[in-house]
Amino acid sequence: MVFASPNEALERAGEVLEADPSPLHASVAHQVIGIWQRDFGDMRRALAHLRRARDLAARADSAEREADVLATLGVALVHSGRTREGLAAFERGVARGTGHTRARVLYRRAYVWWVLGRHGEALEDVRRAIPVLRQAEDVIWTARALTLRATVHLALGAVERAEADFAAAEALWDTTGQEHDKADAVESRGLAAFRSGDVPAALRLLDEAEERYAKLGTPTFMLTIRRCEVLLAAGLAREALAEADAAITALDGIGGQSTRKAELLLVAARAARLADDTQTAIARAALAVRLFAAQRRTWYETHARLVLTEARVAAGRASGRLVADAAEVAERLAAFGAPAAPEASLLAGRIALELGWTADAERHLAVAARSRRGGPPLARMTGWAAQALRARAAGSARGVLEACRRGLDVLDDHRMTLGASELRARATAQGAELAAMAQRASLVSGGPRRLLVWSERWRATVLATPPARPPADPALLRGMTAYREIAARAQEARLDGGRPVPALEREQRRLEREIRSRTLHMRGEAAGDGDRFDVDRLLGRLGDDLRLVELAVLDGRVHVLLCGQGRVRRFEAGPLAEAEREAEHVQAGLRRLAHPGAEARLPVVEAAGARLQELLLGPAAAHLGSGPVVIVPPGRLHRVPWALLPALRERVLSVSPSASSWLRARETEPPPGGRRVLVRGPGLASRGAEVTELAGRYGGEAEGPWRAGVPRGRPEGHGPPVVLEEDGARVPLVLRELDGAALAHIAAHGTFRADSPLFSSLRMADGPLIVHDFERLDRSPYRIILSCCDTARFASVGADELLGLVTALLPLGTAGVVACSAPVNDAAVVPLMLALHKGLDAGLSLAEALRDARAALPGDAVHQATGWAFSAFGAA
């Protein structure tokens, strides 16, 4: 009962002790309380109760009872860090027990061997226990033993054996009422899914296990460790670090298991390292090493030493000592049969290369490179990274490019198993080193064309295919509706009282977590993109007049790849870090110019634009010709207002996340019918004046919550638009009308969420219209104009990916977007938008119409800044 219904078991044990029981019954009661405290409470109290249970069993003269208690005590001692005492208790327990009881003791000692990382001993004890437990028809303990054996197999990388044992255990659990163990089985299946490379399934199963544990009131420290491992594989390092640190604090608060604390510290160290927080990684890993050493857990101590060495290297401490440390860790991990051994060999080889020790580097890298032939995707990538470094050390650019290609192909296949665009984007970080090596090698061996190919190979890859459609999950739909309602109420409260409402904001955050969790469960369905980027196809599309400028970053400097007139030329510009700083200064200047009275800042902002041009385009600015220009910036430069640069200020200018994305937009056909949709959200200072005027110009009328007079599916040509405003501008109806429209214009307050970019939103009458909503569209509008602040802001994640409103639309059928990267003056937006639509009515593209609209604005600072803040994305 202590696992099936822990709190009830604790209460019943207390009742037994109050009834003056016999020593035998008192021993059972104290053992139950000890188990509860060991797993859910204070380890000191657990040990006190278990020692009392042991003494009472001896007084009862029951060898079987004493053996059983000694096993429970042994587990508690090991979890409290007293490994020697714990193993001694097991020796006595094995000696005292016989038959069925002895098999249970062996199972628990096998569990302790697993905790200590001594997998051979664990498999031997569980091998001896399972036949006896089966013969005794002890379903619960047989299922536990099978689950444990599967977990040990996973630690050794034997996924198929583990899955067979998990399946057998789960079949047994289905015949019992052991809810805690059933939850543990679901958790274990999640771990197996993770080890086999299925991250969405792992997240779904771990979340299901957490829900089951929550019903039992069971702490989930082991689940947290496993969930953090999956989050790290998904590229969510900061999230994993926050979860691990929170669990450490909670564990310390109840005086919980020392072993779990050490494991949490290890996963926190790994998360901090991957989040580029090297000092935190060093601190967490060093403490984990000390705890594991004191607990005599050599397997875990060695893994913690690997993370500590990686963090020290990341902190810039490469030395011969670290080569030796990494090599020693690699040897010990290989002796354990640990899957992380190639990672340690790669680290040793990388440090040796940095020090110029080529012979040592080759020895270590050759060992690491063996993993490229099999195993999980990330292990194969480790092998291909090692192979690329070997080729680079040997001076073989061809070998580098081949290894990088093979490694990135592995990661492509892995990414496409992920349905959520966020996971796809973040997973690309694992290929950043390979992409950078390939770009360097291509620059040396192949010139500008090959550098362009490799720049495209790893740029905005998430936009190559649409995200998986969110499932028709009633719980997800209810959660999104509830989120919208709560967010609207919180916004209304802030507007009314000027202060946030903590209860509403807590509920909003809870619903955000629930929605995000369910979307991360989505599995990808598309195969890897076989349509590789073709330079000749791009040059053919560009022709003689159009220029495409792709900015590649190598070793911190911007390289300009100027494409057009049948060739690709390369120019070297300035340092990326300086360009980023200058872009932030420009953004600050545009924010000030959005308010009247800041005219004196206009020359300062214009001068900053000239400096940005020098840093980002360099000598290429003189070779742009006189025709239209497409800018393809890296993710870290997404906030540059390109129209501010002097060489681009009066041009037809568009921006694209990649050349491939621009080609797809160029070749996208508009939908039949030419349906137009105008949306006006609440709370705009201008009251969305351009929507009212555009509706009159196009002959439309404001509609309520339904489109009166124009049945769905009827061809409309360029007839009256659909106008949604006031209560009619509600998310379900807006989405319904946007789906498949030829042109949509949305005037609504935009909110960019840097902490969670897929919750960036447009404010509608019933709450926020978020990126997750757009991903439910069958086809987003062919052209869309977002006439509000911050709609062109993105979060730069992964290797070179962008998450935000615009990037959600581009893979879904949108060929062109006009959006804004800075706060703007609402009143000044109105004439810009009206002039933009005038150009569209004359048959111009979005980029052409935006250029002419800027030129038509008044010459004052507010209007000039407003024009610069808007950009045209895509090719429509």
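Every value quoted in this text rests on a predicted model; they were computed, and no experiment measured them. (Residues numbered from 1 in each chain as written. Predicted model: local features only at pLDDT ≥ 70, side-chain atom pairs only at ≥ 80, totals over all residues. Heavy atoms only, no water.)

Enquirer: I keep staring at the pairing of strand β17 (residues 870-874) and nothing clicks. Help me out?
Expert: Side-chain positions along a regular strand alternate between the two faces of the sheet. Of all five residues in β17, five are buried, a share of seventy percent or more. With five bridges joining them, strand β16 (residues 816-820) and β17 adopt antiparallel strand pairing. Along β17, the bridge assignment pairs Cys 820 with Phe 870. (Buried < 20%, exposed > 50% of the residue type's maximum accessible area, 1.4 Å probe, protein only. Helix = DSSP H or I, 4+ residues; strand = E, 2+ residues; numbered from the N terminus. Pairing = 2+ DSSP bridges.)

Enquirer: Please clarify how the environment of Val 367 should be interpreted in this entry.
Expert: Mapped onto the secondary structure, Val 367 falls in helix α19 (residues 358-369). Along the primary structure Val 367 and Thr 417 are separated by 50 residues, whereas in three dimensions their C-alpha atoms are 29 Å apart.

Enquirer: Can you walk me through unusual backbone geometry in this structure?
Expert: With the exception of glycine, most residues fall at negative phi, and the peptide bonds are largely trans. Its identity is not glycine, yet Asp 61 carries a phi of approximately 55°, on the positive side. Tracing the backbone through its elements, the reader meets Asp 61 in the loop between α3 (43-59) and α4 (63-79). Phi is positive for Gln 565, close to 55°, though the residue is something other than glycine. By the secondary structure assignment, Gln 565 is in the loop between β2 (557-564) and β3 (567-575). For Gln 565, a relative accessible area of 41% corresponds to the partly exposed category.

Enquirer: Explain the packing of helix α27 (residues 535-542) against helix α30 (residues 659-666) to me, please; I cannot follow it from the model alone.
Expert: Between α27 and α30, the least distance of the axes is 11 Å, while the angle of their chain directions is 55°. Comparing their axes, α30 and α27 come out oblique. In the crossing of α27 with α30, the sense of the turn from one axis to the other is left-handed. Contacts between α27 and α30 involve Arg 537, Leu 538, Arg 541 and Leu 542 from the first element and Ala 659, Trp 662, Leu 663 and Arg 666 from the second. Class assignment of the residues belonging to the contact of α27 with α30 gives a composition of five nonpolar, no polar and three charged. (Axes fitted to C-alpha atoms, helices over the stretch in contact; angles between N-to-C directions. Parallel < 35°, antiparallel > 145°, perpendicular 65-115°, else oblique. Left-handed = near helix turned anticlockwise from the far one by under 90°. Contact = heavy atoms within 4.5 Å. Nonpolar A, V, L, I, M, F, W, Y, C, P; charged D, E, K, R; others polar.)

Enquirer: Would you mind going over the pairing of strand β9 (residues 743-747) with me for this structure?
Expert: Burial of β9 is extensive: five of the five residues sit out of reach of the surface. Alternating positions in β9 separate into two faces, Leu 743, His 745 and Ala 747 on one and Ala 744 and Ile 746 on the other, with burial throughout. Here strand β6 (residues 676-680) pairs with β9 via five bridges, running parallel. From the neighbouring strand, Val 677 faces β9, where its bridge partner is Ala 744. The pairing of β9 with strand β13 (residues 783-786) spans four bridges and is classified as parallel. Its bridge partner lying in β13, Leu 743 is registered against Arg 783.

Enquirer: Just checking my understanding: could you explain the nonpolar core for this structure?
Expert: As a rule of thumb, soluble globular proteins bury nonpolar side chains together. Counting 143 residues, the largest nonpolar core has Val 112, Trp 114, Leu 333, Cys 404, Leu 423 and Leu 434 as the members making the most contacts within it. In terms of residue count, helix α6 (residues 99-115) provides more of this core than any other element does, 10 residues in total. Ignoring any residue separated from it by four or fewer positions in sequence, one finds Val 112 in contact with Val 75, Val 78, Leu 87 and Phe 90. (Core = buried A, V, L, I, M, F, W, Y, C linked by side-chain atoms within 4.5 Å.)

Enquirer: Explanation requested: the sheet that holds strand β10 (residues 750-751) in the structure shown.
Expert: The strands making up a sheet associate through backbone hydrogen bonding, with each pair oriented either parallel or antiparallel. The strand order β10-β11-β12 describes an open sheet built from three strands, whose pairing is antiparallel. For this open sheet the edge positions go to β10 and β12 (767-770), each flanked by a neighbour on one side alone. Note: strand β11 (residues 761-764) against β12, four bridges, orientation antiparallel. For Leu 762, the partnering residue across the bridge sits in β12 and is Leu 769. Packed on one face of the sheet, helix α32 (residues 731-738) meets β11 and β12 and runs near 30° to β12.

Enquirer: Could you clarify how one ought to interpret the packing of aromatic side chains in this entry?
Expert: By the definition in use, this model includes six aromatic pairs. Between Tyr 111 and Trp 114 the ring centres are 5.8 Å apart and the planes differ by 45°, which places this aromatic pair in the tilted class. Taken together, the residues Tyr 111 and Trp 114, both in helix α6 and three residues apart, mark about one turn of the helix. Judged by centre distance (5.4 Å) and plane angle (20°), the ring pair of Phe 292 and Tyr 300 falls under stacked. Each member of the pair Phe 292 and Tyr 300 is classed as buried. The cationic tip of Arg 144 hangs over the ring face of Trp 141; the distance from NZ or CZ to the ring centre is 5.0 Å. In this arrangement the basic side chain of Arg 297 is found over the ring face of Tyr 300, its NZ or CZ atom lying 4.5 Å from the centre. (Phe/Tyr/Trp six-rings, centres within 6.5 Å; stacked < 30°, edge-to-face > 60°. Lys NZ or Arg CZ within 6 Å of the ring centre and 35° of its normal.)

Enquirer: For this particular structure, what's the right way to read the pattern of salt bridges?
Expert: Here the idea is simple: oppositely charged side chains can pair when their charged atoms come close. Applying the stated rule across the entire model yields 59 salt bridges. The partner of Asp 536 in a salt bridge is Arg 449, with the nearest N and O atoms 2.7 Å apart. Taken together, the positions of Asp 536 in helix α27 and Arg 449 in helix α24 (residues 447-457) put the pair 87 residues apart, joining distant regions of the chain. Classification of Asp 536 by relative accessible area gives partly exposed; the value is 49%. A single network of salt bridges, built from pairs that share partners, joins Glu 402, Arg 405, Arg 406, Asp 409, Asp 412 and Arg 457. (Salt bridge = Lys/Arg side-chain N within 4 Å of Asp/Glu carboxyl O.)

Enquirer: Hey, could you run me through helix α11 (residues 199-216) in this one?
Expert: Note that an α-helix has 3.6 residues per turn; residues three or four places apart therefore point the same way. With 18 residues, α11 should cover 26 Å at 1.5 Å per step; its first-to-last C-alpha distance of 26 Å lies within 8% of that length. Regarding α11, the residues found buried are Val 199, Pro 200, Ala 201, Ala 202, Leu 203, Leu 205, Leu 206, Asp 207, Ala 209, Tyr 213 and Leu 216. Looking at the buried positions of α11, the neighbouring elements they touch are α1 (6-18), α10 (179-195), α12 (221-233), α21 (397-415), α22 (421-427) and α26 (502-520). Near the N-terminus of α11, the side chain that reaches the backbone nitrogen of Ala 201, with its oxygen 3.2 Å away, is that of Asp 198. A positive backbone phi angle near 70° is found at Gly 217, which sits one or two residues after α11. (Expected span 1.5 Å × (residues − 1). Polar contact = N/O pair within 3.5 Å; in protein donor to acceptor, adjacent residues only side chain to side chain.)

Enquirer: What is the right way to read helix α18 (residues 341-355) from this model?
Expert: With 15 residues, α18 should reach 21 Å at 1.5 Å per residue; the first-to-last C-alpha distance of 22 Å fits that figure. Burial within α18 is extensive, with 11 of its 15 residues counted as buried. Of all the residues in α18, the buried ones are Ala 341, Pro 342, Ala 344, Ser 345, Leu 346, Leu 347, Ala 348, Gly 349, Ile 351, Ala 352 and Leu 353. Residues of α18 that are buried make contact with α16 (298-314), α17 (320-336), α19 and α20 (377-393).

Enquirer: I keep staring at the confidence of the model for the chain and nothing clicks. Help me out?
Expert: Should pLDDT be low for a region, the predicted coordinates there are not to be read in detail. Taken over all residues, the pLDDT of the chain has a mean of 88, while the share at 70 or more is 95%. Counting contacts from residues 702-717, a segment whose pLDDT is below 50, to residues more than four positions away or on other chains yields 27 contacts. (pLDDT = per-residue confidence, 0-100.)

Enquirer: Would you mind showing me how to read the packing of α6 against helix α8 (residues 139-155) here?
Expert: Packed helices, taken two at a time, are described by the angle their axes make and the gap between the axes. Here α6 crosses α8 at 25°, and the two axes come no closer than 10 Å. Classed by the angle they form, the pair α6 and α8 counts as roughly parallel. The crossing of α6 and α8 is left-handed. Contact residues: α6 offers Arg 104, Tyr 107, Arg 108, Ala 110, Tyr 111 and Trp 114, while α8 offers Trp 141, Arg 144, Ala 145, Leu 148, Thr 151 and Val 152. Residue composition of the contact of α6 with α8, grouped by class: eight nonpolar, one polar and three charged.

Enquirer: What is the right way to read the side chain of Ser 780 from this model?
Expert: Within the secondary structure, Ser 780 is located in the loop between α33 (771-774) and β13. Relative accessible area serves as the criterion here: at 0%, Ser 780 is assigned to the buried category. Beyond its immediate stretch of four places on either side in the chain, Ser 780 contacts Leu 738, Leu 809, Leu 812, Gly 813 and Thr 814.

Enquirer: Just to check I follow, could you spell out the environment of Gly 674 for this structure?
Expert: The residue Gly 674 is located in the loop between α30 and β6 in this model. As a C-alpha pair, Gly 674 and Gly 740 span 66 residues in sequence and 9.5 Å in three-dimensional space.

Enquirer: Is there a simple way to think about the side chain of Arg 675 in this case?
Expert: As for its position among the elements, Arg 675 is in the loop between α30 and β6. A relative accessible area of 12% means that Arg 675 is categorised as buried. A distance of 2.8 Å separates the side chain of Arg 675 from the backbone oxygen of Asp 739, its partner in a polar contact.

Enquirer: Honestly, the environment of Leu 191 in this entry has me stumped. Any pointers?
Expert: Relative to the helices and strands, Leu 191 is located in helix α10. The class of Leu 191 is buried, set by a relative accessible area of 7%. Put simply, Leu 191 and Ala 311 are 120 residues apart on the chain and 26 Å apart in space, counted from C-alpha to C-alpha. Discounting chain neighbours no more than four positions away, the residues touching Leu 191 are Thr 151, Leu 154, Arg 226 and Glu 229.

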